[in-house]
Amino acid sequence: MSFLDHLMPSDEAEMIRDSATRFTGAVSESALRQSDGFAAERWAGMADLGWHGVLADDAAGGLGLGAAEAAILAYAAGHARLPEPFVASSVTALTALRTAGVGIDVLAGLVAGSRIFAPVGFGLPVGLATPLSVAPDKEGASLSGTVPLCEVGPHTTDFLIFADGPEPMLARLPSVADGISIAPYRGIDGRHLGKVHLDDCTVGDEAILARGAAARNAVAKAEAFTVAALCADAVGTIDKALVLTRTYLNERQQFGRPLASFQALRHRFADIGVEAELARSMAEMASFAAQTLADPAPLLDRARARICRAAQTVGQATIQLHGGMGMTDEMAIGHYFRRLICLQALLGQEAGSLRLRSAALAAEIDAEASLEAAQ
Amino acid sequence: MVKNLEYRQPRDDVWDHIDLLLDDSLRAFRGEVRQFLRTAVPDETRARLDMGYSATKSEVVAFLKKLSAKGWVAPAWPVEYGGTGWSQLQRFVYTIELGNNAAPSVPPFGTAMVGPVLYTFGNQDQKDLYLPRILSGEDFWCQGFSEPGSGSDLASLKTRAEDKGDHYLLNGQKIWTSKAHYADRIFLLARTGEGARKQEGISFFVLDMDTPGIEIKPIISIDMSHSLNEVFFTDVKIPKTGLVGEAGKGWSYAKFLLGNERTGITNIGRCRRQVARLKRIARASHVGDTPLCADQAFLRDLARIEADLTALEITEIRLLSTGRDSAFANVGPSVLKLKSAEIQQALAELMVSALGPFAAGRGPQFVEAVEDVSDLPQVFFDGALAEYLFGRATSIYGGTNEIQREILAKATLDTLQ
């Protein structure tokens, strides 16, 4: 499949988009504000529509689709600013599990919505180094270390832990396992986050899902899918911020006319519309790259950098265009601004992404010089 | 002394990220275009264009002859008029390769502007006379739209063509007429009547530049070169055959033309070549004692532009390939116009900054003065400033960036009203 095919959504993708739009359209502002970062009935509703199994095989009850369709759902989640860990569990964890080749029994619970996985030490935030150490243990292995930022909460049923090092491994542990403690806190956009501390946490052989290259491969694939989904989430959030701002500019009157008639504001709105389109292009490219390319990192880093820049620019401008009302918690726009801030952090920030690109450019320059010196 | 820093041709076997997004047939097509351009563009031309100078008329003519023999002068035209029948994405790839190989720009006035107006609205005689001469490179055209009092507000134009029965009598003045001093013919807007709205009563004409009563005065631009002109018309007789389409409908033809103009100006290929050149400059240039290629600020600036350029490329691919998304089809051209101008200007700025003190001058004496003390080959430092300076026009021509913002605001902000 080429990128051009990718740009033409399948009928199935359109159906998923329609059903996701209907689902999120029914989520009220008051419900969002009352849900305290996680609503069990909403999670179950997503399960009914197949969200958690979008990337899982038919045999596990999934839809057997790819990053493009996962991106459609992540976009919808961003557009409605759903705080539930859709990306963390249904994209990041599921992709790692699936790539590691776990059995249907493990995936089925996740797909059905009864098990909610928290990735620990990989996936998101993108680019956070894995500080976990592995020691051999008579029953399997023993893990120690602290991961300062994970998408984990009271709803979490399972940890999916990646420990890097000479003998990397991917392990699954129940949320109540001995040796694991969580310091919970909240994301600025209301999502549940936490610091996960492992202290000689014993992992039996049966809990180790993959080792060595297989574990690294599972995590790399999961990270690529995570970037694509977070990018789509950010574009959904950006689009909704633009919708809210457009409505506000048309409704709010000053000097006897709508704000939308003032050129300074019109041009600012046009500029963030451009940002939104560039971000949308990068998100399309990211889901294609994650799904299709053997080494998607160079393209995904560009996508992260550009989308973080767009998220920052759009977020700031939409607050500014709301004037004083933009500063109030009462208006929804500030909540979308906060989600954009959180998504930038989870994507590793523009600066983090550009640092990798800068290093890549420096390496390309060196390589060209060496090649020519050799000639 | 770092040697051989001149930009090299893209290797046929090295694919970049855009290739990852194309399918096999488009990749093969890209290889074919590269192969052709390798020999079609002489090294001297390439070197001059790399320096930031624009192609001379004889360089353009020589290149057009090669394209003409291949049938590649105006790929976008319908096949019956001499187009190639390529898909929009093939044209996108072709345009990238033109810039990426430092080919002289095909003058847009014939191929992208008046040509489509003529085959869409012109009569058979006009099509038969003008279209083949554009394709063969025999006729150079220029554009008579803007006037001293009518820039962004083009419809306020005052040049008048009075219907005298067997001809129109043209009086008035045009300005910013690029390459008028090279042109064989001009297409222009003139008022033939008055209407309730200023857009009414404007007609679209074609006219030979050697018609008596036409006077050209050069405008020297901020890059100290001559490509712009004023064109004065004093009692110029336009034969009736010079009217295109219906009298009074010129504004709609002009809007059609400007819509075409916006899609063809992203200059992605040239931008890619500039990125590649900057990587080479970074090996020879220094910030204090640090080679530029180890300077984090430079690398970060370049990385940011590179990400922007990728986003622009994909946005153009989206615009070309998405038929269903009509909302984006309306705003896409303005998005591309705005962003491509910003990227081209950012690249030229970074180029000038990368050259450090050696960006300051141009011409043989400057080259001679600097050659002994600079590791940079002449190909880099002579002309960078010329390109930077003339590049300020990218956010002005074809509808200024502010006009584009207004178009975008109308399409995306006013829909609720």
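Residues numbered from 1 in each chain as written. Chains lettered and ligands numbered in written order. Predicted model: local features only at pLDDT ≥ 70, side-chain atom pairs only at ≥ 80, totals over all residues. Heavy atoms only, no water.

As for the overall build of chain A
And step 1. The secondary structure content of chain A amounts to 12 helices and 10 strands.
And step 2. In terms of C-alpha radius of gyration, chain A reaches 21 Å, essentially the compact-globule figure of 21 Å for 375 residues.
And step 3. Dimensions of chain A, computed from the C-alpha atoms along their principal axes, are close to 80 × 65 × 40 Å.
And step 4. Relative to its full complement of 375 residues, chain A shows a buried share of 58%.
And step 5. Summarising the internal contacts of chain A: among those between residues at least 6 apart in sequence, 73% fall at separations of at least 24. (Helix = DSSP H or I, 4+ residues; strand = E, 2+ residues; numbered from the N terminus. Rg over C-alpha atoms; globule rule 2.2 N^0.38 Å. Buried < 20%, exposed > 50% of the residue type's maximum accessible area, 1.4 Å probe, protein only. Contact = heavy atoms within 4.5 Å.)

Some thoughts on unusual backbone geometry
Residues and elements named next belong to chain A.
And step 1. With an omega dihedral of 0°, the bond running from Leu124 to Pro125 counts as a cis peptide bond.
And step 2. Within the secondary structure, Pro125 is located in the loop between strand E1 (117-120) and strand E2 (133-137).
And step 3. One non-glycine residue, Asp36, lies in the positive phi region at around 55°.
And step 4. Along the chain, the position of Asp36 falls in the loop between helix H3 (29-34) and helix H4 (40-49).

Things to note about the environment of Met282 of chain A
And step 1. Looking at the secondary structure, you find Met282 of chain A in helix H9 (residues 263-292).
And step 2. C-alpha separation for the pair Met282 of chain A and Ala71 of chain A, spaced 211 residues apart in sequence, amounts to 12 Å.
And step 3. Setting aside chain neighbours within four positions, we find Met282 of chain A in contact with Arg302, Ala303, Arg306 and Ile307 of chain A together with Ala307, Thr310, Ala311 and Ile314 of chain B.

A word on the domain arrangement of chain A
Residues and elements named next belong to chain A.
And step 1. The domain architecture assigned to chain A consists of domain 1 (3-115), domain 2 (120-213) and domain 3 (215-374).
And step 2. Counting residues at the interface gives 17 residues for domain 1 and 16 residues for domain 2.
And step 3. Roughly 1,300 Å² is buried in total at the junction of domain 1 and domain 2, and carbon and sulfur atoms are behind 67% of that figure.
And step 4. For the pair domain 1 and domain 2, the interface holds 2 salt bridges.
And step 5. Our count for the domain 1 to domain 2 interface comes out at 3 residue pairs in polar contact (both at pLDDT 80 or more).
And step 6. Tallying contributions element by element places helix H6 (residues 86-100) first for the side of domain 1 that touches domain 2, with 7 residues. (Domains from an automatic or database assignment. Buried area = accessible area lost by both parts, 1.4 Å probe. Salt bridge = Lys/Arg side-chain N within 4 Å of Asp/Glu carboxyl O. Polar contact = N/O pair within 3.5 Å; in protein donor to acceptor, adjacent residues only side chain to side chain.)

Focus on the sheet that holds strand E7 (residues 192-204) of chain A
Residue and element names in this part refer to chain A.
And step 1. Spatially, 4 strands are ordered E2-E3-E7-E6 in an open sheet, and the strand pairing comes out antiparallel. For this open sheet the edge positions go to E2 and strand E6 (180-186), each flanked by a neighbour on one side alone. Looking at each pair of strands side by side, their axes are set apart by 10° on average, direction ignored.
And step 2. Here 5 bridges tie E2 to strand E3 (residues 140-150), and the two strands are oriented antiparallel to one another. By the bridge assignment, Asp137 is partnered in E3 with Gly140. (Pairing = 2+ DSSP bridges. Axes fitted to C-alpha atoms, helices over the stretch in contact; angles between N-to-C directions.)

As for the pattern of salt bridges
And step 1. Applying the stated criterion across every chain, the model contains 55 salt bridges over all chains.
And step 2. Residue Arg191 of chain A pairs with Glu151 of chain A through a salt bridge whose shortest N-O separation is 3.3 Å. Here Arg191 of chain A is found in the loop between E6 and E7, whereas its partner Glu151 of chain A is found in the loop between E3 and strand E4 (158-163), with 40 residues between them in sequence. Glu151 of chain A carries the same exposure label as Arg191 of chain A, and that label is buried.
And step 3. Linking Glu277 of chain A and Arg280 of chain A is a salt bridge whose minimum nitrogen-to-oxygen distance equals 3.2 Å. With Glu277 of chain A and Arg280 of chain A both in helix H9 and 3 residues apart, the pair spans about one turn of that helix. Just as Glu277 of chain A is buried, Arg280 of chain A falls in that class too.
And step 4. Because the salt bridges share partners, they merge into one network encompassing Asp271, Glu275 and Arg306 of chain A together with Asp308, Lys339, Glu342, Glu402 and Arg405 of chain B.

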